[in-house]
Amino acid sequence: MIFFIPYITQEYVNLRNSHVSPQETLSILKKKLRNIFDYGINQKNSGHSQYLHSEQLEKRISSLTEYIEEILGFVLQDHLKSLLHKHFLTLLAYIQKGLIPNLYSSNLILDHCKDEYENAVLVCKRIEAIFYIQCPSTEIVYWCLFLKECRLNRLKKSAPDNYKVIFIAHGDTTATSMANYVNRILEYQLITPINMPFEQSVHDTLAILIEKIKQYECQQLILIVDTGSLVHFGNVIHQLFNINVLLLHNITLSALLDFSLDITYAAKDFAEIINLIQDKNIDYKLCDQVDEDHEQVLMISCITGMGTAVKIKNVIEESFKELLINTRILIVDYNDIRSPERLRNILNTQERVVGIIGTFQPELPDIPFISLEELFSEQGPELVISLLKPHMSENERRLIIEKSTMKFIGALTLESIINQISVLNPQRILREMEDLYQYICQKLDLHPSKQVTLRFLIHCCCMVERIVISRKPLQMAIDNQTIHSNYAISVIKEAFLPIEKSYTIRLSDAEFLYIYELLYS
């Protein structure tokens, strides 16, 4: 704002030299001025000019500043006085050099600033009387904008006490960069960002959000998310802390800025905020009631066929039986979940969809989705638990995960083993390998990934059957240069002793070494 005169002068010259029509010139200049004035007076670090000026000139500037404060009805902050000081000096310099264009149109004044026109005229007349100059026509524009911005700046609230605003977005820095941009424009810390990097799970993100709310001890929360996959956070927070949550989703930077300006200048409570965002077509939901009467529905849909969906349903029911109270697992055709209208047709009145597991993500951004790749990944059990019981505490979740993960892996492994085991009892050999595996991990303090666990169970079950059938273990030369732990090998051998005795087989050193490498790969 302090460079209003040089800015508008240079822009006018540039536009004139580019042969732009007068009407288009005004339109472009108005948009440029909006960028300067519309989002606040941000030059708080502006000091006084480094040049020395006469005492008489300084007295005149002080007198004008006091007159402007009299019109506004309040004392200006130091950074605003500094802006005025620089503006007056620039104005005098440009008039002396004859550089200010004879340009004026009421169209240059932003609509919400036009009510300052009469005050702007008074200021210009006082400038002319004190400095014995004729103000250029553009000065009317400047004072309309400046006076209005000063009033808005005075009305601006500090961070509200009765609610907090938290913004969660996917990406390493998305939430931080957008929140910082808005906070800088507002000149106070309105929005608290939470980034959600690609590798960060939904649970970890929710845990971060919960910790933030514990720190704030807020009575109400405005929760903003970039996509619909995080919308269930609103209900979770409401249930955990018994606070009202206003959830905004599918938000863009421009919508975030517009909304932040509204709650800074215009709205005071949730009712006023909701009225404002309804006019702006921002997607929102007020989470202020517990859905105790609603039965949860977890949907499974695989485009590859209903058979796969049935297998997944069986695995989830076997692994998470304790969490499925008041939850119905529903197998649906992919076409039935491609639109909200079709989805409503297959739900009962009191049912609420907590999530969908499937091959491809349907066009339902408000419902959390787990792909088959995610389901069978390291985070699979944790993701399922987040859908079924998102409001669990960290300790409760950890216990459930530890208890359910082995069941989950076992159910998946059994499916694989049944397809490969022909002589032995699949259920028995799998149970024996699970006990053996837990013993080895406990003794060696191992925490293998889910993929390693699956490989171990499938390999060992098939290995035992192979040796039972052929009566001959794997025979191959062992590289003496292979680096391994003798203690770990001894623990593995010890663990397999009951298996060797039960099935009357002997494992070779090569078999034990392969198992060792599998565990430590």
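These remarks concern the structure in this document. (Residues numbered from 1 in each chain as written. Predicted model: local features only at pLDDT ≥ 70, side-chain atom pairs only at ≥ 80, totals over all residues. Heavy atoms only, no water.)

Re the pattern of salt bridges
As enumerated under the stated definition, the model contains 9 salt bridges in all. Here glutamate 317 makes a salt bridge to lysine 313, at a shortest N to O gap of 2.7 Å. With glutamate 317 and lysine 313 both in helix H12 (residues 306–319), this residue pair falls 4 residues apart, about one helical turn. Residue glutamate 351 is joined to arginine 328 by a salt bridge in which the shortest nitrogen-to-oxygen separation is 2.8 Å. On the criterion of sequence distance, the pair formed by glutamate 351 in strand E8 (residues 351–358) and arginine 328 in strand E7 (residues 327–331) is long-range, its members being 23 residues apart. For glutamate 351, a relative accessible area of 10% gives the class buried. (Salt bridge = Lys/Arg side-chain N within 4 Å of Asp/Glu carboxyl O. Helix = DSSP H or I, 4+ residues; strand = E, 2+ residues; numbered from the N terminus. Buried < 20%, exposed > 50% of the residue type's maximum accessible area, 1.4 Å probe, protein only.)

Considering the packing of aromatic side chains
Going through the model one piece at a time under the given rule, you end up with 8 aromatic pairs. With centroids separated by 4.9 Å and ring planes inclined at 45 degrees, the aromatic side chains of tyrosine 437 and phenylalanine 456 adopt a geometry described as tilted. Taken together, the residues span a long stretch of sequence, with tyrosine 437 in helix H17 (residues 426–444) and phenylalanine 456 in helix H18 (residues 450–470) at a distance of 19 residues. Taken individually, tyrosine 437 and phenylalanine 456 each receive the classification buried, so the pair is uniform in this respect. In this structure an aromatic cluster arises from ring pairing among Phe88, Phe131, Tyr142, Trp143 and Phe146. Above the face of the tyrosine 216 ring, lysine 164 is positioned so that its terminal group lies 5.2 Å from the ring centre. (Phe/Tyr/Trp six-rings, centres within 6.5 Å; stacked < 30°, edge-to-face > 60°. Lys NZ or Arg CZ within 6 Å of the ring centre and 35° of its normal.)

A closer look at the environment of glutamate 322
With respect to the element layout, glutamate 322 can be found in the loop between H12 and E7. The class of glutamate 322 is partly exposed, set by a relative accessible area of 45%. In this structure the C-alpha to C-alpha distance between glutamate 322 and serine 404, which are 82 residues apart in sequence, comes to 9.4 Å.

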